[in-house]
Amino acid sequence: MLDLKNVSVSYGDYPALIDVSLTLQAGLIGCLIGPSGCGKSTLLRTIAGFERPVNGEVWLDGRRVSSVAHCVPPEQRRVGMVFQDLALFPHLSVAENIGFGLQDWRRGDRDRRVAELLDLVGLRDLARSFPHALSGGQQQRVAIARAMAPRPKLLMLDEPFSSLDPELREQLPRELRRIFREDGITALLVTHDQTEAFAMADQIGVMRDGRIEQSGSAYRLYHRPETRFVADFIGEGVMIPGTVLDDRRVETELGILEGWLPEVCRPGMLVDILLRPDDVIHDDDSPFKARIVDRAFRGAHFLYTVALDSGRRVLCLAVSHHDHKLGEDIGIRPELDHLVAFPQSL
Ligand code: ADP
């Protein structure tokens, strides 16, 4: 549905997007994640047709909509946008807001589509209410249903949950995923919050300084980050140094860790190994002891920060009925099924 080929966009001399390539299949949800200023909004604006690339092409549903020479105007792209500030029409009811973009549909079709969306977003009982009478989460659903109504080829959402309270931020992404699936919507979401990205996206692109650093499933980004930046930005974890022994083994302070290593890692090389909290198991029989220096209760788990003999800190996820105190020494054991290693010289 969406295909970006080597797109670069500049503001004057400033390169805001550099050689960005990205594809998104119909019916899937993509997400762009990255720190503030990395170019996420610029990418959305380029897809929508508000920015013209200085290089590369944007294809939407088999049609080239942006190139250096030619740009299809935004209103002819059939792309929907939901912005951070929802911009609902205060003088229109919920149903009228949702139906706003369907003015040139036949009356019967329009009413059916609005009714379908009201059901889908769970607002049928509030169809005649006005925006000011709705909660933040309900207003958000109206804004999204309004953007979905004309069946855009692509629905883009720019930080859509940032103004919601924490409970809704947790619940709404999962709910939206169901809604988009049921309606067959192809969506591209921008966020700086990885929990939202994980909850919604089939495919995530991690952006940095105008480039897509790595894209793939949440699982792949978490378990197989290709750069230190992605390893650091996605998920929790720490790096511990080690020495490569052979093509599968690295010697570290926590013993010999085994698993597949990138080809650049040669015997004798100094590397950093990524340890996720779930790679470090609490095991009283382990010869490796570490002191608890911080702990966070996570419901089913405790996330312990423990200090090794060297003073280096690692994270350890332990089931929460093991309630250990700060300052206590516990046994820990690394348990990895693959290694994520970065040569120290790179
Ligand atoms: P993000 O959405 O990831 O925060 P943006 O796409 O908004 O990033 O911005 C990317 C970079 O381009 C930033 O450094 C920003 O300052 C710059 N930028 C964005 N819009 C403009 C503009 N209209 N003119 C000049 N620079 C801009």
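Since we're looking at a predicted model, the values are computed, not measured. (Residues numbered from 1 in each chain as written. Predicted model: local features only at pLDDT ≥ 70, side-chain atom pairs only at ≥ 80, totals over all residues. Heavy atoms only, no water.)

Caption draft 1: Quick look at the site of the ligand. Lining the immediate surroundings of the ligand are Tyr 11, Tyr 14, Ala 16, Pro 35, Ser 36, Gly 37, Cys 38, Gly 39, Lys 40, Ser 41 and Thr 42. Take Ser 41: an N or O atom from its side chain is 2.7 Å from an oxygen atom of the ligand. Contact distances for the ligand include 2.5 Å between an oxygen atom and a side-chain N or O atom of Thr 42. Here the ligand has 560 Å² of accessible area as a free molecule, and 57% of this is covered by the chains. Of all the secondary structure elements, the ones that give two or more residues to the shell around the ligand are strand 2 (14-24) and helix 1 (40-48). (Near = heavy atom within 4 Å. Polar contact = N/O pair within 3.5 Å; in protein donor to acceptor, adjacent residues only side chain to side chain. Areas by Shrake-Rupley, 256 points an atom, 1.4 Å probe, with all protein chains shown as cover. Helix = DSSP H or I, 4+ residues; strand = E, 2+ residues; numbered from the N terminus.)

Caption draft 2: Just the sheet that holds strand 11 (residues 238-244), in detail. Pairing is antiparallel across the open sheet formed by five strands, whose spatial order is 13-12-11-14-20. Strands with a single pairing partner mark the edges of an open sheet, and in this sheet they are strand 13 (255-258) and strand 20 (341-343). This sheet shows a mean twist of 40° between the axes of neighbouring strands, independent of strand direction. Two strands pair when backbone bridges link them, and strand 11 and strand 12 (residues 249-252) are joined in this way by three bridges, in the antiparallel orientation. Residue pairing in the sheet places Gly 242 in a bridge with Thr 252 of strand 12. (Pairing = 2+ DSSP bridges. Axes fitted to C-alpha atoms, helices over the stretch in contact; angles between N-to-C directions.)

Caption draft 3: Structural context of the pairing of strand 9 (residues 203-208). The buried fraction of strand 9 is high, at five of six residues. As paired strands, strand 3 (residues 29-33) and strand 9 are joined by four bridges and run parallel to one another. In the sheet register, Gly 30 faces strand 9, and the bridge partner there is Gln 203. Where strand 9 and strand 10 (residues 211-216) come together, five bridges link them in antiparallel fashion. By the bridge assignment for strand 10, Met 207 is matched with Ile 212. Between strand 9 and strand 10, which pair antiparallel and follow one another directly, the connecting turn spans two residues, one of which, Asp 209, has a positive phi of 45°. (Buried < 20%, exposed > 50% of the residue type's maximum accessible area, 1.4 Å probe, protein only.)

Caption draft 4: Quick look at the nonpolar core. Formed by 47 residues in total, the largest nonpolar core has its most connected members in Ile 98, Met 148, Leu 155, Leu 157, Leu 176, Phe 180 and Ile 204. The element best represented in this core is helix 4 (residues 136-148), accounting for six residues. The next biggest cluster of nonpolar side chains, apart from the first, holds 26 residues, and it includes Leu 22, Val 65, Val 79 and Met 156. (Core = buried A, V, L, I, M, F, W, Y, C linked by side-chain atoms within 4.5 Å.)

Caption draft 5: Molecular detail of the environment of Asp 329. Note on placement: Asp 329 falls in strand 19 (residues 329-334). One polar contact links Asp 329 to Arg 291, side chain to side chain, over a distance of 2.9 Å.

Caption draft 6: Broad picture of the packing of aromatic side chains. Tallying each qualifying case throughout the model produces four aromatic pairs. When the ring of Phe 89 is compared with that of Phe 100, the centres are 4.3 Å apart and the planes differ by 45°; the resulting orientation is tilted. Here Phe 89, found in the loop between strand 6 (79-82) and helix 2 (94-98), pairs with Phe 100, found in the loop between helix 2 and helix 3 (107-120); they are 11 residues apart in sequence, far enough to count as distant. Residue class for Phe 89 comes out partly exposed when judged on its relative accessible area of 25%. Following the ring pairs from residue to residue traces out a cluster consisting of Phe 297, Phe 302 and Tyr 304. Over the ring of Phe 89 we find Arg 146; its NZ or CZ atom is 4.9 Å from the centre of that ring. Between the NZ or CZ atom of Arg 276 and the centre of the ring of Tyr 222, over which it lies, the distance is 4.2 Å. (Phe/Tyr/Trp six-rings, centres within 6.5 Å; stacked < 30°, edge-to-face > 60°. Lys NZ or Arg CZ within 6 Å of the ring centre and 35° of its normal.)

Caption draft 7: Fine view of the domain arrangement of the protein. Segmentation of the protein into domains returns domain 1 (2-230) and domain 2 (237-343). Across the boundary between the two partners, domain 1 contributes eight residues, which contact 11 residues of domain 2. Where domain 1 abuts domain 2, roughly 800 Å² becomes buried across the two surfaces, and 47% of that area is made up of carbon and sulfur atoms. When the area that domain 1 buries against domain 2 is broken down by residue, the three leading residues are Tyr 222, Arg 224 and Arg 228, summing to 67%. Salt-bridge contacts for Arg 228 lead to Asp 272; the nearest nitrogen and oxygen are separated by 3.0 Å. Counting across the interface, domain 1 meets domain 2 through six residue pairs in polar contact (both at pLDDT 80 or more). With three residues, the single largest contributor to the side of domain 1 that touches domain 2 is helix 7 (residues 218-223). (Domains from an automatic or database assignment. Contact = heavy atoms within 4.5 Å. Buried area = accessible area lost by both parts, 1.4 Å probe. Salt bridge = Lys/Arg side-chain N within 4 Å of Asp/Glu carboxyl O.)

Caption draft 8: Layout of the packing of helix 4 against helix 5 (residues 166-183). Between helix 4 and helix 5, whose axes approach to 12 Å, the crossing angle comes to 25°. Considering the angle they form, helix 4 stands roughly parallel to helix 5. Considering the relative orientation of helix 4 and helix 5, their crossing is right-handed. Residue-level inspection shows Gly 137, Gln 140, Arg 141, Ile 144 and Met 148 of helix 4 in contact with helix 5, the latter providing Leu 168, Gln 171, Leu 172, Glu 175, Leu 176, Ile 179, Phe 180 and Asp 183. Residue classes in the contact of helix 4 with helix 5 are distributed as seven nonpolar, three polar and three charged. (Parallel < 35°, antiparallel > 145°, perpendicular 65-115°, else oblique. Left-handed = near helix turned anticlockwise from the far one by under 90°. Nonpolar A, V, L, I, M, F, W, Y, C, P; charged D, E, K, R; others polar.)

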